[in-house]
Amino acid sequence: MDFVLTHIGKFLNTLKIGKSGTTFIIERAGLMVASSTKEEPFLRGKDGKIAARLAATESRVPLIQGTAKYLSDRNSNFAKIQSNQLFIAKIAGKTQFIHIAPLKDSQGIDWLIVVVIPESDFMEQINANNRTTILLCIAALVIAVIVGILTAEWVTQPILRLNAAAKNIAKGDWDKTVEINRTDEVGELAKSFNSMAQQLQESFETLEEKVKARTAELEIAKEKAEVANQAKSTFIANMSHELRSPLNAIIGFSQLMVRSQSLPKEQLENVSIINRSGEHLLTLINNVLDLSKIEAGRTTLNEKDFDLIRLISDIEDMFRLKAEDKGLQLLVEHTPDVPRYIRTDEVKLRQVLINLINNALKFTEEGGVSVRVGIGNPEQSAITHYQLPSFPGSAWERHYQLTFEVEDTGFGIAPEELDSLFEAFVQTETGKQAQEGTGLGLPISRKFVELMGGEMTVISTVGVGTIFKFDIQASLADAVEVESQKTTRRVIAIEPNQPQYRILIVDDKLLNRQLLIKLLNPLGFELKEASNGKEAIAIWNEWEPHLIWMDMRMPVMDGYEATKQIKSTTKGQATAVIALTASVLEEERAVVLSAGCDDFMRKPFREADIFEAMHKHIGVGYIYEDLNPSDSMTTKESGKEILTAAAFKELPVEWVANLERAILNIDLNLIAQESDRIRSQNPELADAIAHCLQNFEYDKILNLIAQNNPPE
């Protein structure tokens, strides 16, 4: 049958496809059959008659034209579409859903039905629902905020009142209570708070009474502690004076006897033993007093610039002979980066090292002792910038963390004894068996290390050995500023063409006056003595001495008052007054200098210190003995060395062996016997040996003998 295409188009126009959807029918050749739009599926000529069929890709409807072009580009030929297909494409700037359905029958119809629906037809309701949802959420949020504010105000107002009441109570206003007439949890909290406030008020009043009573007790205890501390300081000062004064005489007179050239060799040895024992006793006394000062918090750091390498070397020389006598090795070494010149408390560092090395040698029977010095944690070593108070500008100071290790191969320390190792007057079992020491060395050493900004630790294994480690903080010193190490030289006379120096010695102890008189009289000083300050003032007023050695603790009138009266006059300003005191308290120095004394010296003193002080304050010049007196005894006039290893090699082996054994055993009779044998063959060598032994240079002889003994 014949059917007009426009009828199909009219039918398609009646279809409702979404809100803005379009459908059209095309042939396989791409020609329009009909569409749901008003566009005709053919083209008309100028006369209004149908001229040609309309191609879908040339449709004037953008959606039909775009869809036809999309399908043509995608399939290249409409004939290839044989089944229903769905596409989503961007056409005319909008996303479109496209459905294609082939229509074919036996009469020759072979069309494609295309339905195009914009995405907006599907999403419009969804978007509307989303907008509604958002508006509902905003409204719910606003309502929730309003309800929350009202609820928070309802809840927080009572809590704020509780907080205000708590602050009032904290300020001491105990009468403030909280009135909240509610039966819920907040009301219960208010009731509990009021009850707590009442209990706190009662407790506080009771506590105030207890605090007042306790404060009164503490005031009484504090007064007692201050009295006890003052009594302790007084006791330390008195003990220092009473113990060091007789030691001053013992050590001083033994030094005078050592100076004697006529003393027999055996007596010289006895005097040397007395001197060494006195020095040892002085060390023990100093340890006790040091510990007392540490406990009283009176120990201070006395920093000075010094040569660290020389200090290490001196300590090595000090213990070398003791190590060799026990057949032990003593190894002392330092890393190359250790600075030579540093600034810290030299005396305390020396005391710590001496104590640790002495303990290591004392409790080691085989093997040896190693002493190592190095730089610690680099982060602890830094450059600190500081301002010099007396010089405009700034300077840089280099700080180091120096580490020290003293390791031995001795008996070791049991683990249960390590905890009490640094307690005062506590000794290990090994120390008790040795019956040496007081148990003060390690506690004092540890306190000194802490005072120098470090800490001390110990690692020990029984039967293997012990390692003591400690570190200190030190700053780099300028080599130019370091005091040059002075060679100890004995004063034998006063330089000629000097005034006749008048020296007044004031001391209530006869022995102390005699010590200074015997020390100074042989040199030609004009001397007078007084037993108290009153006598000293009378002699000074009449005699006008150049210098006064003033003891500070004396009966009738002490040295403080005497010095004040002397220095209060114009004439007294020309007299140098040097205090002699046995006190070890550092505060004593300030008190003495404030009294008017020009200098301060502790007992027991060294003769070199006496001569140096007199040179410093009144300008006395001295004549010293030869710097190397042993050279003349160990060298011939021709300059040839007498005391050499070759000289010992020429002696009979038995003589040399006996001499070595006699020196190691300190057998004076055997030494004298072997010296006489050697004298019969080589008198000059025998004199040189005798001179070394007289000056206690045992190690020098033993080293020369050892050079001829091949190592095993």
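The present account deals with the structure reproduced in this document. Everything numeric here is computed off the predicted structure, so don't read it as measured data.

**What about the nonpolar core?**
One finds Leu-308, Leu-349, Phe-404, Phe-468 and Phe-470 to be the most contacted residues of the largest nonpolar core, which totals 40 residues. For this core, the secondary-structure elements that each account for two or more residues are α6 (308–325), α7 (346–362), β11 (368–375), β13 (395–408), α10 (441–451), β14 (456–461) and β15 (465–476). Among all residues touching Leu-349, those that are not within four sequence positions of it are Phe-306, Leu-308, Leu-311, Phe-404, Met-452, Phe-470 and Ile-472. Judged by nonpolar contacts, the second largest core, of 26 residues, contains Tyr-501, Ile-578, Leu-580 and Ala-613.

**So, helix α11 (residues 510–520)**
Given 3.6 residues per turn, any residue in an α-helix points the same way as the ones three and four places further on. Every buried residue of α11 is accounted for by Asn-512, Arg-513, Leu-515, Leu-516, Leu-519 and Leu-520. Along the axis of α11, the buried residues cluster in a sector spanning 155°; they form a single face.

**Quick notes on the sheet that holds strand β1 (residues 22–27)**
Read from one edge of the open sheet, 5 strands run β2-β1-β7-β6-β5, paired in antiparallel fashion. Two strands close off the open sheet at either side, each with one partner strand: β2 (32–35) and β5 (85–91). Within this sheet the neighbouring strands show an average axis-to-axis angle of 25°, counted without direction. As paired elements, β5 and strand β6 (residues 94–104) share 7 bridges and run antiparallel to each other. Of the residues in β6, the one forming a bridge with Leu-86 is His-99. The strands touched by helix α1 (residues 5–13) are β1, β2 and β7 (110–118); relative to β2, the strand with the most contacts, the crossing angle is about 35°. Contacting β1, β2, β5, β6 and β7, helix α2 (residues 62–75) crosses the sheet at an angle of about 120° to β5.

**Brief notes about the packing of α7 against α10**
When two helices pack together, their arrangement is given by the angle between their axes and by how far apart the axes lie. As a packed pair, α7 and α10 sit with axes 9 Å apart at the nearest point and diverge in direction by 145°. Crossing of α7 against α10: the hand is left-handed. Across the interface between the two elements, Lys-348, Gln-351, Val-352, Asn-355, Leu-356 and Asn-359 of α7 pack against Gly-441, Leu-442, Ile-444, Ser-445, Phe-448, Val-449 and Leu-451 of α10. When grouped by side-chain class, the residues that make up the contact of α7 with α10 number 7 nonpolar, 5 polar and 1 charged.

**Description of unusual backbone geometry**
Its identity as a non-glycine residue notwithstanding, Asn-497 has a phi of 60°, on the positive side. By secondary structure assignment, the location of Asn-497 is in the loop between β16 (491–494) and β17 (502–506). Overall, the relative accessible area of 83% leaves Asn-497 in the exposed class.

**Re the sheet that holds strand β20 (residues 576–581)**
With parallel pairing, the 5 strands of this open sheet are ordered in space as β18-β17-β19-β20-β21. Only two strands of the sheet have a single partner each, and these edge strands are β18 (526–530) and β21 (599–602). For this sheet, the mean inter-axis angle between neighbouring strands, taken without regard to orientation, is 20°. Of the strand pairs in this sheet, β17 and β18 are connected by 5 bridges, and their pairing is parallel. Bridge pairing in β18 links Ile-503 to Leu-527. Sheet strands in contact with α11 are β17, β18, β19 (547–551) and β20, and its direction is about 175° off that of β18.

**Examining the packing of aromatic side chains**
Tallied over the full model, the rule gives 4 aromatic pairs. With a centroid separation of 6.1 Å and 75° between ring planes, the pair formed by Tyr-70 and Phe-87 is classed as edge-to-face. You can see Tyr-70 sitting in helix α2 and its partner Phe-87 sitting in strand β5, a full 17 residues away along the chain. Ring centres 6.4 Å apart and planes at 45° place the aromatic pair Tyr-501 and Phe-525 in the tilted group. Taken together, the residues span a long stretch of sequence, with Tyr-501 in the loop between β16 and β17 and Phe-525 in the loop between α11 and β18 at a distance of 24 residues. Neither Tyr-501 nor Phe-525 differs from the other in exposure class; each is buried. The cationic tip of Lys-348 hangs over the ring face of Phe-448; the distance from NZ or CZ to the ring centre is 5.4 Å. Over the ring of Trp-540 we find Lys-571, and its NZ or CZ is 4.7 Å from the ring centre.

Thresholds applied
- Residues numbered from 1 in each chain as written.
- Predicted model: local features only at pLDDT ≥ 70, side-chain atom pairs only at ≥ 80, totals over all residues.
- Heavy atoms only, no water.
- Core = buried A, V, L, I, M, F, W, Y, C linked by side-chain atoms within 4.5 Å.
- Buried < 20%, exposed > 50% of the residue type's maximum accessible area, 1.4 Å probe, protein only.
- Helix = DSSP H or I, 4+ residues; strand = E, 2+ residues; numbered from the N terminus.
- Contact = heavy atoms within 4.5 Å.
- Arc of directions from axis to C-beta.
- Pairing = 2+ DSSP bridges.
- Axes fitted to C-alpha atoms, helices over the stretch in contact; angles between N-to-C directions.
- Left-handed = near helix turned anticlockwise from the far one by under 90°.
- Nonpolar A, V, L, I, M, F, W, Y, C, P; charged D, E, K, R; others polar.
- Phe/Tyr/Trp six-rings, centres within 6.5 Å; stacked < 30°, edge-to-face > 60°.
- Lys NZ or Arg CZ within 6 Å of the ring centre and 35° of its normal.

Everything listed here is a matter of geometry and, on its own, says nothing about what the molecule does.
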